[in-house]
Each structure stands twice: as structure tokens, then as C-alpha cells.
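Coordinates in review
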Amino acid sequence: MASSTGISLKFSPLSTSFKQNQVPGICNVNSVRFPSLRMQPGSMRLRVSCAAKPETLEKVCGIVRKQLALPEDSSVNGESKFAALGADSLDTVEIVMGLEEEFGISVEEDSAQHIATVQDAADLIEKLVEQKSA
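In what follows, the accompanying structure is described. Note that the coordinates shown come from a computational prediction; the quantities given were computed from them, not determined experimentally. (Residues numbered from 1 in each chain as written. Predicted model: local features only at pLDDT ≥ 70, side-chain atom pairs only at ≥ 80, totals over all residues. Heavy atoms only, no water.)

1. A look at the nonpolar core
Cut-off, in case you're wondering: Throughout, nonpolar core names a set of buried Ala, Val, Leu, Ile, Met, Phe, Trp, Tyr and Cys residues whose side chains join them through atoms within 4.5 Å. Buried, partly exposed and exposed residues are distinguished by accessible area as a fraction of the type maximum, computed with a 1.4 Å probe on protein chains only: under 20%, between the cut-offs, and over 50%, respectively. Helix and strand labels come from DSSP, where a helix needs a run of H or I of at least four residues and a strand needs a run of E of at least two; each type is numbered from the N terminus. Only heavy atoms matter for contacts: two residues are in contact if any of them lie within 4.5 Å across the pair.
If you look at the biggest cluster of nonpolar residues, it comprises 24 residues, and the most contacted ones within it are Val60, Val64, Phe82, Leu99, Phe103, Val107 and Val118. Elements that contribute at least two residues to this core include exactly helix H1 (54-67), helix H2 (89-103) and helix H4 (118-133). Top element by residues in this core is H4. It accounts for six residues. For Phe103, the residues in contact, after removing those within four places along its chain, are Thr56, Lys59, Val60, Ile63, Ile125 and Val129.

2. Quick notes on H2
Here is the rule we go by: One less than the number of residues in a helix, times 1.5 Å, gives the span that helix is expected to have. For this analysis, a polar contact is any N or O atom pair within 3.5 Å, provided that within protein one partner can donate a hydrogen and the other can accept it, and provided that sequence-adjacent residues contribute only side-chain to side-chain pairs.
Taking 1.5 Å per residue, 15 residues should reach 21 Å; H2 reaches 21 Å between its end C-alpha atoms and fits that length. Each element contacted by the buried residues of H2 is listed here: H1, helix H3 (109-112) and H4. Backbone nitrogen of Leu90 and a side-chain oxygen of the N-cap are separated by 3.1 Å at the start of H2; the cap is Asp88. Of the residues trailing H2, Gly104 is marked for its positive phi of about 65°.

3. Notes on H1
With 14 residues, H1 ought to run about 20 Å at 1.5 Å a step, and its terminal C-alpha atoms sit 20 Å apart, in line with that. Buried within H1 are the following residues: Thr56, Val60, Cys61, Ile63, Val64 and Arg65. Among the structural elements, H2 and H4 are those in contact with the buried residues of H1. Directly after H1, the chain includes Ala69, whose backbone phi takes a positive value near 55°.

Structure (C-alpha cells):
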């Protein structure tokens, strides 16, 4: 038979210490602390991306600005969400069409539905261009 043991981990800056409590059947997740990994206000998001080429991201930003009639000096970057830039569902479809035309690709509807940010679009374009050339 398997048995479980509650384990408490404590990480302190520049050192790692493990404390093991022998309490069968109890796992105390609340006692896990990471004092050296403090969250800063506004940093509650973790973003993992395959980082499209800078020129691809730049082109996508330009297309988004054009489709949404945003001023050239407006702040559009990889983290920009289409909704936050004022895009509705029709605008998003037009952006995707503009991307397809610019990059010579075809974006499937199910892939297009997962695009929320400029970075999402740039990453998808990189993937589709790579598949097309393979």
C-alpha cells in the first residue's frame, strides 16, 4: 500500500532548506513559502511565448494600427489586447484578413479564435509561415 507524507518546503534567499513533517495523509500546501520570489503589483501574469521575430511583430502592429485607424504614435506592442485597443469581433476578422494578405497565409477559424493579443497573432503567423515553407 502507498502512504503519503506531508512535506513543507521553505526557500530562503541564497539558501534552500527542506523541512519534512511526518504527518501521514496531510499535505499542507499553505506552508510553502518563496520569500525571494515576491510578486510586484501588476505582475500577476505569467506570459510564455515563442517570441516571434521582431520584424513580424512590427508588421502585425502596423496592420493592427491601420485596421483600427489608430495614430502612428499609439502604443501597440506584443502585450496589446485587441479588445483593449477597441477592436470588436468584426475588427478582429478584418485584422486576421489583413495578416493573411500581408504574409500570404491562411488562418483557420479555430486558430483565429485563440488570438487575443498582438503577440498571439505574431506567434501564429510565425508558425504558419514555417509550416508553409516546410
